[in-house]
Amino acid sequence: MSDKTTIRKPVDEVPPPAVATVDPRLLVREEGFKGYLTEFKRKLKGGELGSLPVIVALIIIWTIFQVKDDLFLSSANMVNISFFMAGTGMLSIGLVFVLLLGEIDLSVASVSGLAASVFATLTVNHGLNDWLAVVLTILTGVAIGAFHGFFFAKIGVPAFVVTLAGFLGWTGLMQWLLRGTGSLTIEDKGLLHMLGQRSFFMDQSIAGGYILATLGVALLLIGSLIDQARRRKARVPFRPTSEILLRTVALAVVSYVAAYVLNKSAGIPNALVFFLAALVICDFVLRRTTYGRKIFAVGGSIEAARRAGINVALIRITVFAISGGFAALGGLFLAGQTYTATLQAGTGNLLMLAIAAAVIGGTSLFGGRGNVWSALLGMLVIQSIQTGLDLLNMDQSIQYMITGAVLLAAVVVDSVSRRTQRSSGRA
Amino acid sequence: MSATPVLALRGVSKRFGAVQALTDVDLEVHAGEVVALVGDNGAGKSTLVKTIAGVHPVDDGVIEWEGRPVHVNRPQDAQGLGIATVYQDLALCDNLDVVGNLYLGRELLRFGSLDEVAMEQRSRDLLNTLSIRIPSVRIPIASLSGGQRQVVAIARALIGDPKVVILDEPTAALGVEQTAQVLDLVERLRERRLGVILISHNMADVTAVADTVHVLRLGRNNGVFPVKGTTNEQIIAAITGATDNAVTRRLARNAEAAK
C-alpha cells in the first residue's frame, strides 16, 4: 500500500516553492495565554461550542442542587451518581455510534430490558454458566442490532421506523420470557456482582482511584508527547508543549479531585470503571481506526463514502449491531443495580435519557459530528438531575418534565450551533 | 509525446435500450497530453467517460491501455489500471478535514491504527508540489471555497498515483480566480506527464489548457482538432453540426455527380 501512494516528484528538478508552513490567511493563535483567550472567543463566535455548554450546565445544576440540599455534593451522593450513570451511559455509547451516522435507534431501551430477562432466563431457569450467559446476552443484542441494520441498510426502511417496530417487538418478547412470574431474581455473583452497588475497584482500597487517575493522566501525557515528537520530526504542525501541559494538568485536576471525593466514602464503583474502559476503547475505535473513519465518512456524505470504496451497507449494519450490543450490555448494568429482571426493565424514560445524554454531551443529531465522551458528559448532567430530584423527593412527573426540557434545550443548542457553524463556513 | 497512447478507444459503441449512445467512437490520450472532450448536451461525453471509468462496460470496440487491449467492466478495473475520475459532484465529506478526505478509503496505518502524521505529511507534500494553496490541511472541507474543494478533489484523485485523470466539468461552478486555479492545476498535471481528459463546455478553458480537442456529436466522433491552429468557430461548428448544412451537402452532391 505504501509504495502505491508515494507521490511522484515533478519532472523538472526545480525545488518546490518555499511554501510557508502555515497559510497566511489562516488565523494563527498568538503566543501564550492571551492567544488561548482570543482563539476561544473566535471559536465561540463561530459556533464551535464543543463541550462548553454541557460543562456550564453541569456547574449550574450542581450549584442549584447544592443550594437546595447540602448533601448533593457529598461523597456518598457522588458515588451514587457515578454508579447509576454507568448503565444508561452504556446505552448512550451505542447511540453515539448511530447518531454519528445521522440515524437514530429507538429500540435500545427495550433491547436492554430484553437482555436482562434473557440473562435471567439463561442463568436462573436453565442454570447456565454466568459468563457464558453474559456472552450469549451480548450476542443477542448484537444480533438484534444487526437485524435492525439489515432492514435499514438492505431493504431501505427508515431506521426510525425499523427501531420503533423493534421498540415494541422486543418489549413484547421480554414480557413473553417473563410470563407467569413477572420478574426473576438474579444471583449476586460473577459479572452481575461486579456491576452491582456493593462492588468497588480494588475492594475500596484508597489507592484504587488514584491508580486510575494516574493511569489516565500518564496515558494522555505520554501519548501527546510521542505525537508531538513524531510531528516535529515529520515537520508538520504540532501542539506546543505549553498546551500539552495545560491539558494534562486539567485532566489531572479533574481526575484526582474525582478520585479524592469518591474515596471519601466508598471508592470507585466497578460499574464506573467498566463504563470508562468502554469509553476509552470506543474513542480509540472512532478516532484512530479505519472503521471509525468510515463511520464519520458515511455520516458526512454517503455518496462520497461509496465512491471511496466504503461498503456503506456493511458500516450501517455493524453500527446498529454495536448499538444493540451496548444496549444489551447496558441492560446487564441496569439489572445489576437491582439484581432482578422485571417487566419494568427498559421502560419509562430510559430511552429518552440515553438519547438525551448523547445529544447533551455534544454529539450532533445530524450525523458526522461528535465523540463518545459526550455519553460521559451527558450522563453526568442527566444523572445529576435525577439524583438531585430524588434527593429533594420530587415526584416522577416533575422528573419527566425536567428531563424533557433538558433534552429540548440540548437539541436547540445542537441546531443553533449547527446554523452558526454554517454561516461561518464550518457546517 | 510518446508514440503509444496511454489510453486509446477504438470503435467503441454503447447502447442503452433503444438509444445508441455511442457509435464507433475513437479517442487517444498520450502521457502529458490534455485532451478536451467537447460536445452538446446529450452528445455522449458523460457516457464515454463512464465507459472509461468502468461504470458502463462497452458493447463493442476495444479499450487499449499502453497498447494492450484491456477489459474495463467495473470501476475497480479502471482504478487498477491507473485511471482516476473526478466527477462533477465532488463527493467529499464535509465533516472530515482535507487529510481525511484525501486518504478516505486508503488510509495509511501504523500498528493497525491510523497514521495521521504520515498522512498529513504526504498531503502537504502533494498539495505543495501541485502549488495548491489552502489555509490548512486540518480544516474541514466545509470551510473551503468551491475552487478549493475542486482542487482537493483533483488532488484526491492523484493519491492513487494514476496515469490518466478524467475531469468532468471541473470549472462549471467556479468564479474567475478559482477557474484559473483549476486550470493551473491541469497544466501541472500535464507537467507531471499524466494524461488528462477534460470535459468542458467553456471554449475559453478548452483553448487555454488543452492540446487536442475531441468533438462528439450525437454519439459519434465529429472531428479531432489540435488546439494550435484551430479557431473557436471551427470547434463550435463541429459541436453544433454547422458543418452539416445545405451548402456543404450541395458541395458533396456536386462532387459525387462530377465523378
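Given the structure is predicted, the values throughout are model-derived calculations rather than measurements.

What counts and what doesn't
- Residues numbered from 1 in each chain as written.
- Chains lettered and ligands numbered in written order.
- Predicted model: local features only at pLDDT ≥ 70, side-chain atom pairs only at ≥ 80, totals over all residues.
- Pairing = 2+ DSSP bridges.
- Helix = DSSP H or I, 4+ residues; strand = E, 2+ residues; numbered from the N terminus.
- Core = buried A, V, L, I, M, F, W, Y, C linked by C-beta atoms within 7 Å.
- Buried ≥ 20, exposed ≤ 12 C-beta atoms within 10 Å, placed from the backbone.
- Contact = placed C-beta atoms within 7 Å.
- Domains from an automatic or database assignment.
- Nonpolar A, V, L, I, M, F, W, Y, C, P; charged D, E, K, R; others polar.
- Axes fitted to C-alpha atoms, helices over the stretch in contact; angles between N-to-C directions.
- Parallel < 35°, antiparallel > 145°, perpendicular 65-115°, else oblique.
- Left-handed = near helix turned anticlockwise from the far one by under 90°.

Caption draft 1: Structural context of the pairing of strand 1 (residues 7-16) of chain B. Residues and elements named next belong to chain B. Two strands pair when backbone bridges link them, and strand 1 and strand 2 (residues 19-29) are joined in this way by 7 bridges, in the antiparallel orientation. Considered in strand 2, the bridge of K14 is made with L22. What sits between strand 1 and strand 2 in their antiparallel hairpin is a turn of 2 residues, with G17 showing a positive phi close to 55 degrees. Note: strand 1 against strand 4 (residues 60-65), 5 bridges, orientation antiparallel. Its bridge partner lying in strand 4, S13 is registered against D60.

Caption draft 2: Region of interest: the nonpolar core. Judged by nonpolar contacts, the single largest core of 178 residues is most densely connected at F119, A297, L332, A354 and A356 of chain A together with V196 and L198 of chain B. Those residues in contact with F119 of chain A that lie beyond four places of it in its chain are A133, V134, T137, L332, A335 and A341 of chain A.

Caption draft 3: Geometry of the domain arrangement of chain B. Residue and element names in this part refer to chain B. Split into domains, chain B comes out as domain 1 (1-82 + 164-259) and domain 2 (91-161). The partner domain 2 presents 11 residues to the 11 residues of domain 1 that form the contact. Those elements that provide at least two residues to the side of domain 1 that touches domain 2 are strand 9 (164-168) and helix 6 (176-191). Counting residues per element, the side of domain 1 that touches domain 2 draws most heavily on helix 6, at 5 residues. Looking at the side of domain 1 that touches domain 2 residue by residue, the class counts come to 7 nonpolar, 3 polar and 1 charged.

Caption draft 4: Representation of the packing of helix 3 (residues 75-100) of chain A against helix 4 (residues 108-125) of chain A in the model. Residue and element names in this part refer to chain A. In contact at an axis separation of 10 Å, helix 3 and helix 4 are set at 135 degrees when each is read in the N-to-C sense. As summarised for this structure, helix 3 and helix 4 are arranged oblique, according to the angle between their axes. In this structure, helix 3 crosses over helix 4, and the sense of that crossing is right-handed. Contacts between helix 3 and helix 4 involve L91, G94 and L95 from the former and V108, A109 and S112 from the latter. Residues of the contact of helix 3 with helix 4, tallied by class, amount to 4 nonpolar, 2 polar and no charged.

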